[in-house]
Amino acid sequence: MKEIYFYTPTKIYFERGGILKYLSLVKNYGKKVLIVSGKNFIFKSGIFEKIKEIFEKEKINYALFSKVNPEPDTENVEEGVEFCKKEKCDVIVAIGGGSPLDVGKCIALRAMNEGHIKDFFGEVECKNEPLPIIAIPTTCGTGSEVTRYAVIIDKLANTKKTVSNEKIMPVMAILDPNVLDYLPEKLIGATGMDAFCHAAESYLAINSDYISKFFAIESLKLLSGNLKKAINGDKESKEKVFLASTFAGYAINRTGTIIVHGIAYSLTIKYGIHHGTANALFLPYVLEFMKENEYQEEIKELEKIVGSISELKNFLTQIGLPIKLRDIGVKKDDIEELIDLSIKGCERAMKRMKFVLSREHFEKIINSAF
Ligand SMILES: [Fe+2]
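The structure displayed is predicted, hence computed values, not measured ones. Within each chain, residues carry numbers counting from 1 in the order of the written sequence. In keeping with the model being predicted, local features are shown solely for residues with a pLDDT of at least 70 and side-chain atom pairs are shown and tallied solely at 80 or more, while totals for entire chains, interfaces and linings include all residues. Computation of side-chain values: all heavy atoms of the structure, hydrogens and water removed.

1. Description of the packing of aromatic side chains
- Classification of ring pairs uses Phe, Tyr and Trp, with its six-membered ring standing for Trp, and accepts pairs whose centres are within 6.5 Å; under 30 degrees between planes counts as stacked, over 60 as edge-to-face, and the remaining range as tilted. One pass over the structure, following the stated rule, counts 11 aromatic pairs.
- Note on phenylalanine 48 and tyrosine 62: the rings are 6.5 Å apart at their centroids and 75° apart in plane angle, and the pair reads as edge-to-face. Of the two residues, phenylalanine 48 sits in helix α3 (residues 47-57) while tyrosine 62 sits in strand β3 (residues 61-68), which places them 14 residues apart along the sequence.
- Aromatic pair phenylalanine 289 and phenylalanine 355: ring centres 6.2 Å apart, planes at 45°, arrangement tilted. Taken together, the residues phenylalanine 289 in helix α10 (residues 275-292) and phenylalanine 355 in the loop between α13 (335-345) and α14 (359-369) connect sequence positions 66 residues apart. Here phenylalanine 289 matches phenylalanine 355 in class, with each residue buried.
- Among the aromatic residues, those joined into a ring-pair cluster are Phe43, Phe48, Phe55 and Tyr62.
- Consider the ring centre and the ring normal. A charge sits over the ring if Lys NZ or Arg CZ is within 6 Å of that centre and within 35 degrees of that normal. Sitting above the plane of the tyrosine 271 ring, lysine 270 keeps its charged end 5.6 Å from the centroid. Elements are defined by DSSP. Helices are runs of H or I of four residues or more, strands are runs of E of two residues or more, and each kind is numbered from the N terminus. With a 1.4 Å probe rolled over the protein chains alone, any residue whose accessible area is under 20% of its type maximum counts as buried; one over 50% counts as exposed, and the rest are partly exposed.

2. A short note on the domain arrangement of the protein chain
- Residue ranges assigned to the domains are those given by an automatic or database domain assignment. According to the domain assignment, the protein chain contains domain 1 (11-179) and domain 2 (184-369).
- When each unit is reduced to the centre of its C-alpha atoms, the spacing between domain 1 and domain 2 is 25 Å.
- The buried area of a pairing is the accessible area, by a 1.4 Å probe, that goes missing from both parts when the two are put together, added over both. Summing the contributions of domain 1 and of domain 2, the shared interface buries around 2,400 Å²; its carbon and sulfur component is 60%.
- Between Lys or Arg on one side and Asp or Glu on the other, a salt bridge is scored when a side-chain nitrogen of the former is within 4 Å of a carboxyl oxygen of the latter. Put simply, domain 1 and domain 2 have one salt bridge between them.

3. Focus: the coordination of the iron ion
- Around the iron ion, the protein contributes the donor atoms Asp194 (OD), His198 (NE2), His261 (NE2) and His275 (NE2), at 2.1 to 2.2 Å from the metal centre.
- Only nitrogen, oxygen and sulfur atoms qualify as donors, and only when within 2.8 Å of the metal (3.2 Å in the case of Na, K and Ca); with water excluded, sites may look incomplete. Angle rules define the geometry names used: all angles between 85 and 135 degrees makes four donors tetrahedral, while opposite donors over 155 degrees apart and all other angles between 65 and 115 make four donors square planar and six octahedral, leaving every other case irregular. Classification of the site at the iron ion rests on its four donor atoms, whose angles at the metal span 87 to 174°, yielding the label irregular.
- Within one chain, the residues serving as donors to the iron ion are arranged as D-x3-H-x62-H-x13-H. You can see aspartate 194 and its partner histidine 198 sitting in helix α6 (residues 185-204), four residues apart, about one turn around the helix.
- Owing to a relative accessible area of 4%, histidine 198 belongs among the buried residues under this scheme.

4. Structural notes on empty space enclosed by the protein
- The rule is simple: put a 1 Å grid over the protein atoms alone, call a set of points where a 1.4 Å probe fits but cannot get out a cavity, call an open set with protein on both sides within 12 Å along at least five of seven lines a pocket, and count a residue as lining if it has an atom within 4 Å of a point. Grid points are joined across faces, edges and corners, and a volume is the space filled by probe spheres set on the points. Under the counting rule described, the total for this entry stands at one cavity of 30 Å³ or more.
- Roughly 40 Å³ of volume is contained in the largest cavity.
- Lining of the largest cavity is provided by Leu287, Ile299, Leu302, Glu303, Val306, Gly307, Ser308, Ile309 and Leu312.
- At four residues, the largest contribution of residues to the lining of the largest cavity is made by helix α11 (residues 296-306).

Take a look at the structure:
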């Protein structure tokens, strides 16, 4: 048996009303909180008002950085770092989807370490311990609350890059299923499919092991059985999808993702397509490609858990997600550029594949998705 190393520092509170009940624990980690969020959701949903109430009642000092872009880049991170230093915050509460969580992690790292966030892309050690991070996910996709990753756009390189460091794993995560009541159905589908891709890609990664597969399979079962019902508003199914996204987070924390994410980055970079939607679109075509190329057995096993690839396509259509590039406005002439972006996006993922994909391979996948 392969040797096992397993580390997870994140206390998980999974409970309805968990934000009200546990957020004041932030006092154990610092004197002044930096709340990191996107621009709209926490205000429209009323979540910010709740947090404000808790902080005022508990006399917790805080500053708010609510400028995280839907697809944050390095400048967005550095803006947050400057604000955090100016406000002298010493603990981060990152609330939202993957973007605020990832930016929160980067701010925590950079606030304590000189340089620029670009210096920490890849697996780069940091000298000083980052600020403690408390993660409050409000979507059911990212899994970032339990991972060592933060994914940020590097505009100069025209791709997404990853900070991978155990020290940015949150100390605590509050998963309060009530937050999903504010999430539009379409986003439950798209973020749920992001989690689905995390689990499926982790399952297929060559570095997967007993523990990553344990989480990936459980996540895939929960998602297959509950995502549709969750989109239709069933509360218990939403809880299960939420939990599945955290399980998928544990899975990718061990393995990373493979080429679905790497290829999907191209759609987000070029067209600003939502991360989960982009992943979901490419997933069936990547699976078909893998089935024909050295992954027959693995894909068959996966299909036993989640159903066939054609069923997956039907499912995506049923939940209102696009399954063809031309349906989202991609032009035939753009395909060459998408191939270039995909090759760049898959650099890290390629290490987790059985073989290195050629340009022709990417062309094949993207053309079938077209
Ligand atoms: Fe993802």
